[in-house]
Each structure stands twice: as structure tokens, then as C-alpha cells.
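What follows is each chain in one-letter form.
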Amino acid sequence: MAQILSAALSIGFHGLAFAMVLYLISVGLSVTMGLMGFVNLAHGVFAMAGGYVMTGLMSRLGLPFALALAIAVTGVALASVVFERLLYRRFYGGAELDQVLLTMGLIFISVAVAKHFFGSQAQAMQPPLALSGRIDLAGRDFPAYRGFLILCGAALVTALWLGLERTRFGAQIRAAVDNLRMAQSVGIDTSLLFTFAFALGSGLAALGGGLGADILAIDPNYALENLVYFLIVVAVGGLGSIRGPFLAALLLGIGDTAFKYLLPEFGAFFIYAIAMGILLWRPRGLFGRA
Amino acid sequence: MRLRGGFGKQGWVAAAALAGSAVALPPVAQIAAAQTVKVGIILSYSGSFAEQGEEIDRGLKLYLKEHEKDLPPGVKVELVTRDDTGPNPELAKRLAQELITREHVQLLAGEVLSPNAAAIAPLTAEAKVPFVLMNAAGVSIPRMSPYVVRVSFTQWQMSMPMGEWAAENGIKSAHIAVTDFIAGHDAEGGFTKGFTDHGGKILGTTYFPVTNPDYVPLLQRIKDAKPEAVFMFMPGGKQATAAMKAWSDLGMKEAGIKLVTLQDVMIDDELPNMGELPLGVVSSGSYSTAANRPANKAFLAMWNQEYGPQAIPDFFTIGGWDGMAAIVDLVKATKGKFTADEAMDFLKNWKNPDSPRGPIMIDPNTRDIIQNIYIRRVEKQDDGKLANIEFATFPMVKDPWKELNPPK
């Protein structure tokens, strides 16, 4: 019995850490897809860029972890504004197929660019010494960095929720997601709002990519390989929601981990089955707006 | 002094001289290259296996560069490369077809992946074009066409000695954990045979899904079963790093579980990414970058000069290197003129006693490679870096699967 409990604790812990990484990256996608109605499949590119910038700064310039991460996040957020203004803006409210083609093209370009500048090997990521090492929970050793990831995820979801519910900017976003035309007619500058929201979403993706480089390795195929995870989290969670992707990430992270433990022969099958089931029951996702 | 952007008289004279020399060169070039042997190289230069493709490409190109001077006068080797972009048998077959019919290559070489190589093999039989397989390790590929010769390895060749060594060195029982694809099953088969033939007992088997970012739950389950040792195999590169991280995160070593594996998991150029995690891990392999033999030291000197001190060659590289060695030796022996059957007669009896990995030869009966298999342990070297240090050798191992499964 004690062994089952111990194993469950281990599964829960590692699953939670994986879930937090997925959430960090995917929440930005949920906001942009819900707010701008834009199918941004290239969202993973911003996460990958954050990972590359952070690991590059750490290994080539020897910058400390926190500083490298901060620079990566702000850099990617600013770069995303350029993309938004020059490229994405043209396709708002346009045909979804056009958006899919554009963003898939961006993914392929990112693969080639990453390979050209960084080579095909995955980037090494050593967590800072302060966060390496092990913590003791109920008689078991756990890697401290995974614990840090869990705390980050929890802090982020709280910060985002507070931001959305308690600030004016948050209120404007909620308004625009609920009813874009009405929001425009009460004087909200939706164009600027979109840009800010996009930068926020991409910055969060970069944060997730950098923090999660330990779990989701940073290599040129990152955006393509992990696309399915981000899409499941966003689709199951519901577009335009903050809580939805959190729940979906928990489901995906812990569920995937748990099923691989209990029935490894079926591998990742259960996650897709669960995602299909939830979407059949709630086509808009768990917290999607109707 | 001209400030406008004009050519000027001097410019025109220079241009005329350049044009004149360009016209004058081709006849000279034609006389020199009396015999050009065209070799078609099909590798993964993009996609998830680009890393491996690049290593093979570097190995074969370095060999050609260093040994071009050894070719008979007037004979050149020309490489025509194509990118199969990863596991894509249809594309690989089409590229081979193109190389044979349009580029008129006399030899094919390369291929990282077994499904692609298996698609190309029947073409080589139909078109009678020798195919020097530089990596793909599927055991039965040389049987698919009499024109295939392999210089890399097979998983049975690697894993059976590992099983034998484990059983003879104090490991009585083991759990097998391999990725659920053909190479994983080959590794499982070879290890099981070597291990059980020498008294070991297999406790159970776990199959990892092919794309798998997180090994923690799968290894957790194995840890709960408390085996004495685990034989683990997955594709090298970031999957291996993820698995090693999970191994360390779960405290498998502290729980007293030994790890034996294959060179794919302890691949030399990924070791720096793993930190201290692989210290002490035993693996079997055909080539370790840290090998002490003079041929390897000479190879490393050439390698580091060409690709820089940070570049690390691995067993993929040696597949390219030795494959090109076979081709160059063939061209030297035949002065660049050979029929497909003459080439195969030469290639299937080819030996290289002085490869960076030690002595190798081709088995004339199976057209597969015979080589030393080394048992290595990851240790820290004087410069603080980890390396696979060879400490035991199984000499001149033939592919055991073919020995156990003779053709009907």
C-alpha cells in the first residue's frame, strides 16, 4: 500500500511539472486564439525561440539563469510584436485555412533557421545550482527543479487570473473576447489590445520554452513535434480562457504520466482518447465561450 | 579617380581576362578527369534525423578529402547527395531511382534509416547498382538484394555481446526496456539471447512509445519491480538524454539498479549534454571517440582540424568514414572502371585492419560487417569530460541474427 502511495506521489509530482510546462506555453495560445480568432499554429516557435535565446545566452555568454530567461522573454515578446504587425494582422477575421497555411509555413521556416544557426542537436540545459539538487517529500527524493516548475505554474495561473479579473487591461481583454464589436463601440482600441495580448501570449510561450527546456528539449523540430500537445491543451481547455488550459494541462500532464505508468503498452493512446471524449461532450472545450 | 559606378578601362580588361581564362579552363579539365566515379549519397539532411545524417556526411567527406590524393591519376570520385528528410521510404526510393536513371551513379551509399534502406534495396537488385550501407541497421537488409553491403553494425551484433557480458559479470536477472520499433525489438532479441544463454534471467519487458518526451512514469514502473539491472535502449540524442534525466530523477542508481545499454544511448556527442548522469554506465559499442588506438588518434587529429576542436565524431561518423574507405579502395583497385558484379566481388571481401574503430571486414557470405564489439564504461577523463572507455572486447563478431537464422 505504501508503495502504491509512493508511486502515486511520484507520478503526481512529475506529471504536475510536465503539466505546468505545457500550461505556460499553451495559455498564450488560448488567449490569442480566443481573442483574435487567429489559428496560430506557430505558437510553439515562440516557445522554441525563448528556449534557444535563453540557452544560447547561458552557454555562450555565461549569463545567469534568471537574467537569460528575462532577456529571452522580453526579446521574444518584442519580436512577436513585429510579426503581429507585419504578418498576422493581415489575416485577422480571414479564412482559417489561410491562417493555418501561414503559420505552418512559419513553423517550417523556424525549423530551417534554427538548424542553420544552432545545428540539429538539442540544446543542453543545466538548471542553476540553486535549483538543482533534491527535495524531500514524504520520504522520497524529488528533483528540486521540477518543484520549482510547479511553483512557477501555480504563481503564473494566479497572476494571470488576477490580471484578467482585477485590471483594466484584463477587463478589456475579457470584453473583446466576449463581444468584439461591442468592445470596439465602447471605445476600446482593439488593435492595440491585440498587439499587447499577442506579445503577452508569446512572452509566456518563451517563458514556458525556457523554463521547460529540461522536459521539452530545445531542438529545431520543437514547434512541430510539440504542436499536438499545445493544441490538445487549448482545444480541451477552451479558447480565450485562463482556467481552461490549466485544467486541460493538468489532465494531459498527470493523465499522460499516470497512464504510461499503469498501462505502458498503450503509451500515449489514452490522452488522445480522453481529448476526443471531452471534445465530443463539450465541443468548445471545458471552459470555452459559446 | 572615378566616383561614378562605372567599370573603367581597367575593369573591362580584367573582365576580359577572367572571361578568357574561364573559356580556356574546360578543355584542361576534360583531359584531367579521364574517369569519374559517380557515387549517389542518400542521407537525412533535414528532419528529426538530420543530426545523424550530418555526422555520416562529415565522416565520408573527410575520408574522401584526405584520400583523394591516393586515387589513381586521372580518376576522380564525384559525390551526388540527396536528402531523404527522415523516415520516408517512398521518397528514399524515388531519390535512388533518380540517382540511378538520371545521374547515372555507379554506386549508392548512405542511409541512416532502415525503412528507407529497405525500400532502396530492391532497386539496387533491379538496376544492378552496388549500395554501401553506412548506417541503417535492420538485420535482413543485406538479404534483400545481392548488391547491398553494410559497413555499420546490426543491433543483434551489439546487444548479444552485451547480454553475454552482463551474465558473466555478476548480473543474474534483468528487466528489458526498449523503444517499440524494429531496432528496439532487435536490441531486445540480441540481449535476451546473449543473456539467457549464459545463465541470466529476464524478469520482464517494457516498451517505450516511439515519440516520448517524458520517461519518468515508464521508469517508475520498472523501479517498483525492483530488478537487479535494466537493459535500456532508445534512439540516441535527446531521447537518450531525457531517459538518463529520468533515470537520475527517480534515483534508480541509489536504489541499486544497474544500467546496461548500447552505444546509441551513450552516444559520444550527446555525453556533454548529460552532465554527470551517465557516470559508470556500461554499454556495448563498435566505436568510442575516446578509443586509444593510433588509427583513432590520427583520425581525431584530422577531424578536429577540419571541423574544429568542439566537434565530436561518433559511431555514425565512422560508418560514413569506413563506407567511403571501401568505395575509395574499390576505385583504387579497379582504376575507376568496374561492373556492378566486379564491385560487389571486391566489396564483399573488403577489409580495413586499421579503421579508427579497430579491425573490420565484410563477411563474404552475408555482405554484412564483422567487427570488434567493445564493452565500455563511462568515466571521467583528465580534462573533466566524460567518455566511453573501452575495457573488454568481443573480437570479430559476426551478425548473430544471420547465424541463427540462415536463409531458407
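Not measured: the values here are computed from a predicted model.

Student: It is not clear to me how the overall build of chain B should be interpreted in this structure. Could you clarify?
Tutor: The number of helices and strands found in chain B is 13 helices and 14 strands. Relative to the 2.2 N^0.38 estimate, which gives 22 Å for 408 residues, the radius of gyration of chain B is 24 Å and therefore close to what a compact globule would have. Expressed as lengths along the three principal axes of its C-alpha atoms, the size of chain B is roughly 85 × 60 × 40 Å. Across the 408 residues that make up chain B, the buried fraction comes to 53%. In chain B, the proportion of contacts linking residues at least 24 apart, taken out of those at least 6 apart, comes to 72%.

Student: Before we go on, may I ask you to explain the nonpolar core in this structure?
Tutor: Generally speaking, nonpolar side chains in soluble globular proteins are found buried as a group. Formed by 215 residues in total, the largest nonpolar core has its most connected members in Val21 and Val233 of chain A together with Ile327 of chain B. No other element matches the 17 residues that helix H1 (residues 2-36) of chain A contributes to this core. When residues are assigned to domains, this core turns out to be shared by domain 1 (35-153 + 293-367) and domain 2 (156-285 + 374-404) of chain B, each giving three or more. Residues in contact with isoleucine 327 of chain B, not counting those within four places in the same chain, are Val39, Val77, Leu107, Ala109 and Val132 of chain B.

Student: I'm lost on unusual backbone geometry in this one. Help?
Tutor: Negative phi characterises most residues that are not glycine, and trans characterises most peptide bonds. Residue and element names in this part refer to chain B. Positive phi, close to 55°, is recorded for histidine 104, a residue that is not glycine. Take histidine 104: it is sitting in the loop between helix H3 (89-101) and strand S3 (107-110). Overall, histidine 104 belongs to the exposed group, with 11 C-beta atoms counted inside 10 Å. In this structure, lysine 226 is a non-glycine residue whose phi angle is positive, near 50°. Mapped onto the elements of the fold, lysine 226 is located in the loop between helix H8 (216-225) and strand S8 (229-233). The exposure class assigned to lysine 226 is exposed, which follows from the 12 C-beta atoms found within 10 Å.

Student: I keep staring at the domain arrangement of chain B and nothing clicks. Help me out?
Tutor: A common way to report how large an interface is uses the accessible area buried once the components associate. All names here are of chain B. Domain annotation of chain B identifies domain 1 (35-153 + 293-367) and domain 2 (156-285 + 374-404). In this structure, domain 1 and domain 2 have C-alpha centres spaced 28 Å apart. Every contact between the two is made by eleven residues of domain 1 and, on the other side, 16 residues of domain 2. The residue makeup of the side of domain 1 that touches domain 2, split by class, is five nonpolar, three polar and three charged.

Student: How should the pairing of strand S1 (residues 35-43) of chain B be read in this particular structure?
Tutor: In regular strands, side chains alternate between the two faces of the sheet. Residue and element names in this part refer to chain B. Direction of pairing for S1 relative to strand S2 (residues 75-83): parallel, over a ladder of nine bridges. Bridge pairing in S2 places valine 39 opposite leucine 79. Between the parallel elements S1 and S2, the chain passes through helix H2 (residues 50-67) in a crossover that is right-handed. Here S1 runs beside S3; their pairing, made up of four bridges, is parallel.

Student: Which parts of the structure should I look at to understand the pairing of strand S11 (residues 351-355) of chain B?
Tutor: Pairing geometry for S11 of chain B and strand S12 (residues 358-362) of chain B, over three bridges, is antiparallel. The residue of S12 of chain B that forms the bridge with asparagine 352 of chain B is isoleucine 360 of chain B.

Student: Mind showing me how you'd approach the sheet that holds strand S4 (residues 131-133) of chain B here?
Tutor: Sheet strands line up and pair through hydrogen bonds in the backbone, either parallel or antiparallel. Residue and element names in this part refer to chain B. If you walk across this open sheet you meet the five strands as S2-S1-S3-S4-S5, and the pairing is parallel. Of all the strands in the sheet, just S2 and strand S5 (148-150) have a single pairing partner and so form its edges. Each neighbouring strand pair of the sheet contributes to a mean axis angle of 25°, computed without reference to strand direction. Set on the sheet, helix H11 (residues 315-334) makes contact with S1, S2, S3 and S4; between it and S2 the angle comes to about 145°.

Student: Just to check I follow, could you spell out the packing of H3 of chain B against helix H4 (residues 114-127) of chain B for this structure?
Tutor: What describes two packed helices is the angle between their axes and the distance between those same axes. Residues and elements named next belong to chain B. Running from N to C, H3 and H4 point in directions that differ by 30°, and their axes come no closer than 8 Å. Comparing their axes, H4 and H3 come out roughly parallel. Relative to H4, H3 is oriented so that their crossing is right-handed. Packed against H3, whose contacting residues are Pro89, Ala92, Lys93, Ala96, Gln97 and Ile100, the element H4 presents Pro115, Asn116, Ala118, Ala119, Ile120, Leu123 and Ala127 at the interface. Counted by class, the contact of H3 with H4 contains ten nonpolar, two polar and one charged residues.

Student: Looking at this structure, how should I read helix H11 (residues 243-262) of chain A?
Tutor: Because each turn of an α-helix spans 3.6 residues, side chains separated by three or four positions end up pointing in the same direction. For H11 of chain A, spanning 20 residues, the distance from its first C-alpha to its last is 28 Å, which sits close to the expected 28 Å at 1.5 Å a residue. Counting buried residues in H11 of chain A gives 15 out of 20 residues, a clear majority hidden from the surface.

Student: So what exactly am I meant to see when it comes to the environment of isoleucine 218 of chain A here?
Tutor: Residue and element names in this part refer to chain A. The topology assignment puts isoleucine 218 in the loop between helix H8 (190-211) and helix H9 (222-225). Along the chain, isoleucine 218 and alanine 114 lie 104 residues apart, while their C-alpha atoms are 9.8 Å from each other. In contact with isoleucine 218, other than residues within four places in its own chain, are Met48, Gly51, Tyr52, Thr55, Ala122, Gln123, Gly209 and Ala213.

Student: What am I meant to see in the interface of chain B and chain A here?
Tutor: Each side of the interface is counted separately: chain B has 24 residues, and chain A has 27 residues. At the level of elements, H2, strand S7 (201-208), H8 and helix H9 (238-249) of chain B are the ones that each hand at least two residues to the side of chain B that touches chain A. Ranked by the residues each element gives to the side of chain B that touches chain A, the list is headed by H8 of chain B, at six residues.

What counts as what
Residues numbered from 1 in each chain as written. Chains lettered and ligands numbered in written order. Predicted model: local features only at pLDDT ≥ 70, side-chain atom pairs only at ≥ 80, totals over all residues. Helix = DSSP H or I, 4+ residues; strand = E, 2+ residues; numbered from the N terminus. Rg over C-alpha atoms; globule rule 2.2 N^0.38 Å. Buried ≥ 20, exposed ≤ 12 C-beta atoms within 10 Å, placed from the backbone. Contact = placed C-beta atoms within 7 Å. Core = buried A, V, L, I, M, F, W, Y, C linked by C-beta atoms within 7 Å. Domains from an automatic or database assignment. Nonpolar A, V, L, I, M, F, W, Y, C, P; charged D, E, K, R; others polar. Pairing = 2+ DSSP bridges. Right-handed = clockwise from strand over helix to strand, strands pointing away. Axes fitted to C-alpha atoms, helices over the stretch in contact; angles between N-to-C directions. Parallel < 35°, antiparallel > 145°, perpendicular 65-115°, else oblique. Left-handed = near helix turned anticlockwise from the far one by under 90°. Expected span 1.5 Å × (residues − 1).

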